[in-house]
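# Architecture at a glance
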Protein chains: 2
Amino acid sequence: MAQDPDLSEYLIAPDPGAARLTRAVTGRDQSGEEVSLRVVEERPLTIFLNRQEIVTAMTIGDHPEYLALGFLRNQGMLRAGEEITGTDYDAELETVVVRTARETDYEAKLQRKVRTSGCAVGTVFGDMMEGLEQVRLPATEVRTSWLYALSAKINRTPSLYLEAGAIHGTVLCQGDRPLVYMEDVGRHNAVDKIAGWMLSEGVGASDKILYTTGRLTSEMVIKCALMGIPALVSRSGFTAWGVEIARQVGLTLVGRLKGRRFVCLSGEERLIRDADPASVAEEPRRAGRKGAA
Amino acid sequence: MAQDPDLSEYLIAPDPGAARLTRAVTGRDQSGEEVSLRVVEERPLTIFLNRQEIVTAMTIGDHPEYLALGFLRNQGMLRAGEEITGTDYDAELETVVVRTARETDYEAKLQRKVRTSGCAVGTVFGDMMEGLEQVRLPATEVRTSWLYALSAKINRTPSLYLEAGAIHGTVLCQGDRPLVYMEDVGRHNAVDKIAGWMLSEGVGASDKILYTTGRLTSEMVIKCALMGIPALVSRSGFTAWGVEIARQVGLTLVGRLKGRRFVCLSGEERLIRDADPASVAEEPRRAGRKGAA
């Protein structure tokens, strides 16, 4: 599994060479030598739903339409089957306006956002919990050979992380194939961009796996579950509430996936152990993501 | 610098053994073996200022009073010199009520929060930028020998990170001495707990260094600057806007501090290079924080 990844598998892969996403800055290293390094951009993007300003997200700035659509969908402001009549991005104003056939008014919902967390958790936590009681995810099987293949491919894919660091990645996968790899300064943006892509393309969730570089916190688990994706995989660790919710909704939850190692804390019965861990290479030190924390 | 850290240097150190902060969960590893691991808790804490509900933060749950005070101070809802008449934590209701002699009403401000980001950025970004134009930090010198000593001490201090992972750490330091080491599921919570401690104890900021395990994003830089701390140090990387703001307010910004390596992207003129990098040990692989991402 140490071969170079086949980038043609991706429908969307990172574009680490894009000039707009990173900036060269100059400083000095430990020896006092001048060093030039590329750092990721972080810009505001204000999302409107029809006439209403909803949120300003800090983002690297790629795929603004997907970010807007996915954010609104994940907040429940776009309904299932919503008729979207337009998605207009204005690069100069740094805005995206999403238009729907239905008249929308989320003033009340926006008020309630105020009370939610701005900490580990992204936004509107109170709202997100709402739809969760009804969620029972499909019992889709996950092969451990897929997990190893995905991990190896994703870690070797040229990315902004490898180019500039300080960024999170999330990848929508099907079987052992990574389909859409989004990166962003906020891991929730990366997930929202994937949700926006799925919405735009009408892509189903029940046979997908979501891979994230970030921790498996409650909000990440809730987001994945509400998107209908039955498996969530990370190289990072868990929080107790994330584990609890995953077990409640029937989400297969695999964390600490590095080289041959992983821990499955939910959905063990849906895991097909078809790969011998001893045959999987340990991760070389260089390949390890060292924390886009 | 490979000696065990002198924990007596700390005024507050992590308490990784505290039963309330982690939970044992059982799962299976790559070989199908049952494993039990400790994962960090994540619980809601609702912060009130007098009669007004301000925010619900997701937190590991230690030092709730410091978190509440620091959050409110960092949002500008507690003013400099504010007369605080009480800070009441109710463990059962998971609330902290901070009371002031002055009557407060932040309804308008809370409305504006709605429009801000819930992504990489914690909260109320629009508000935080406000005070920034006036900020010019004191030109406090930072010795590179301190940076190396702090990094070595902090990485070796028993912590929830070492116990359970998936958590961020922030340490308030003075010279080569770590004073207060806070951890939380959200790195902004960890910073807010430090701000709350400083407010409670009346501790000055101008001779301090803030160490964080997290990335040096715009919001982290803004928070540090508004707290009046003239140096911000991280083992993680930078974002472009974080660097830009640090240069604007005169913040010494050091990132990617691992073993003997670091990069200084702002405040080079205040860095005293009194340590020979060649004399500093490279970080052993085990000691590396592998991303509480």
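Cut-offs applied
- Residues numbered from 1 in each chain as written.
- Chains lettered and ligands numbered in written order.
- Predicted model: local features only at pLDDT ≥ 70, side-chain atom pairs only at ≥ 80, totals over all residues.
- Heavy atoms only, no water.
- Pairing = 2+ DSSP bridges.
- Helix = DSSP H or I, 4+ residues; strand = E, 2+ residues; numbered from the N terminus.
- Axes fitted to C-alpha atoms, helices over the stretch in contact; angles between N-to-C directions.
- Contact = heavy atoms within 4.5 Å.
- Buried < 20%, exposed > 50% of the residue type's maximum accessible area, 1.4 Å probe, protein only.
- Parallel < 35°, antiparallel > 145°, perpendicular 65-115°, else oblique.
- Nonpolar A, V, L, I, M, F, W, Y, C, P; charged D, E, K, R; others polar.
- Right-handed = clockwise from strand over helix to strand, strands pointing away.
- Salt bridge = Lys/Arg side-chain N within 4 Å of Asp/Glu carboxyl O.
- pLDDT = per-residue confidence, 0-100.
- Disulfide = S-S within 2.5 Å.

Residue and element names in this part refer to chain A. Strand order in this open sheet of 4 strands is E4-E3-E6-E5, and the pairing throughout is mixed. Pairing within the sheet leaves two strands with one partner each, and these edge strands are strand E4 (52–59) and strand E5 (84–90). This sheet shows a mean twist of 15 degrees between the axes of neighbouring strands, independent of strand direction.

This part is about the sheet that holds strand E11 (residues 231–234) of chain A. In space, the 8 strands of this open sheet follow the order E9(A)-E8(A)-E10(A)-E11(A)-E12(A)-E13(A)-E1(B)-E2(B), with mixed pairing throughout. Sheet topology places strand E9 (177–184) of chain A together with strand E2 (34–40) of chain B at the edges, where each strand pairs with a single neighbour. Within the sheet, the average angular offset between the axes of one strand and its neighbour, ignoring direction, is 30 degrees. The sheet contact formed by strand E1 (residues 22–29) of chain B and E2(B) spans 7 bridges and is antiparallel. In the sheet register, Thr22(B) faces E2(B), and the bridge partner there is Val40(B). On the sheet, helix H7 (residues 218–226) of chain A packs against strand E10 (209–212), E11 and strand E12 (252–258) of chain A and is oriented at approximately 145 degrees with respect to E11(A). Across the sheet, helix H8 (residues 240–249) of chain A is in contact with E12 and strand E13 (261–266) of chain A together with E1 and E2 of chain B; its angle to E1(B) comes to roughly 50 degrees.

Residue and element names in this part refer to chain A. Judged by how many residues are buried, E9 sits mostly within the fold: 7 of 8 residues are covered. Pairing of strand E8 (residues 168–174) with E9 involves 7 bridges; the strand directions are antiparallel. In the strand pairing of E9, Thr170 is matched with Met182. Hairpin connection between E8 and E9: a loop of 2 residues separates the two successive antiparallel strands, and Gly175 in this loop has a positive phi of roughly 60 degrees.

What follows concerns the packing of helix H6 (residues 187–201) of chain A against H7(A). All names here are of chain A. Look at H6 against H7: their axes get within 11 Å of each other, and the N-to-C directions meet at 5 degrees. In terms of their interaxial angle, H6 and H7 are classed as roughly parallel. In contact with Arg187, His188, Val191 and Asp192 of H6, H7 contributes Glu219, Met220 and Lys223. Of the residues belonging to the contact of H6 with H7, the class tally is 2 nonpolar, 1 polar and 4 charged.

Residue and element names in this part refer to chain A. Of all 11 residues that make up helix H1 (residues 64–74), 9 are buried, and the element is covered over most of its length. For H1, every residue scored as buried is listed here: Pro64, Tyr66, Leu67, Ala68, Leu69, Gly70, Phe71, Leu72 and Asn74. The positive-phi residue at the C-terminal boundary of H1 is Gly76, with phi of around 80 degrees.

Moving on, we get to the environment of Met182(B). Residues and elements named next belong to chain B. Within the fold, Met182 resides in strand E9 (residues 177–184). The class of Met182 is buried, set by a relative accessible area of 1%. Those residues in contact with Met182 that lie beyond four places of it in its chain are Ile12, His63, Tyr66, His168, Gly169, Thr170, Ala190, Lys193 and Ile194.

In terms of residue burial, H7(A) counts as a mostly covered element, since 8 of its 9 residues are buried. One or two residues past the end of H7(A) sits Gly228(A), with phi positive at roughly 85 degrees.

A separate point is unusual backbone geometry. Trans peptide bonds make up the majority, and among non-glycine residues the majority have a negative phi. With a phi angle near 50 degrees, Asn50(A) is a residue other than glycine that sits in the positive phi range. By the element assignment, Asn50(A) lies in the loop between strand E3 (43–49) and E4. Located in the positive-phi region is Ala166(B), a residue other than glycine, with phi close to 55 degrees. Residue placement: Ala166(B) occurs in the loop between helix H5 (160–164) and strand E8 (168–174).

Residue and element names in this part refer to chain A. Examined against the element boundaries, Ala246 turns out to sit in helix H8. For Ala246, a relative accessible area of 0% gives the class buried. Contact partners of Ala246, with chain neighbours within four places excluded, come to Val221, Leu251, Leu253 and Ser266.

All names here are of chain B. Side-chain alternation along strand E11 (residues 231–234) places Ala231 and Val233 on one buried face and Leu232 and Ser234 on a second face that is also buried. In terms of strand pairing, strand E10 (residues 209–212) meets E11 through 3 bridges, oriented parallel. Among the inter-strand pairings, Leu210 is bridged to a residue of E11, identified as Leu232. In this fold, E10 hands off to helix H7 (residues 218–226), which returns the chain to E11; that crossover is right-handed. As paired elements, E11 and strand E12 (residues 252–258) share 3 bridges and run parallel to each other. By the bridge assignment for E12, Ala231 is matched with Thr252.

Take the pattern of salt bridges next. This structure, assessed with the given rule, holds 28 salt bridges over all chains. Between Glu244(A) and Arg23(B) there is a salt bridge whose closest N-O contact spans 2.7 Å. Residue Glu244(A) is found in helix H8, and its partner Arg23(B) is found in strand E1; the two belong to separate chains. Taking relative accessible area as the criterion, Arg23(B) reaches 30% and is therefore assigned partly exposed. Between Glu268(B) and Arg273(B) there is a salt bridge whose closest N-O contact spans 3.1 Å. Taken together, the shared-partner salt bridges connect Arg23(A), Glu41(A) and Glu244(B) into one network.

Bringing the confidence of the model for chain A into the picture now. All names here are of chain A. With 87% of its residues at a pLDDT of 70 or more, chain A has an overall mean of 88. This model gives residues 112–126 a pLDDT under 50, and the stretch forms 60 contacts once residues within four places in sequence are excluded. In the model output, the complex is listed with pTM 0.90 alongside ipTM 0.86.

Looking now at the state of the cysteines. What makes a disulfide is a covalent bond joining the sulfur atoms belonging to two cysteines. Residue and element names in this part refer to chain B. Inspection of the entire model under this criterion finds 0 disulfides over all chains. Residue Cys224 stays outside any disulfide, its sulfur separated by 11 Å from that of Cys173, the closest cysteine. Here Cys264 stays free of any disulfide, with the sulfur of Cys224 as its closest cysteine sulfur at 13 Å. According to the relative accessible area criterion, Cys264 is buried, its value standing at 2%.

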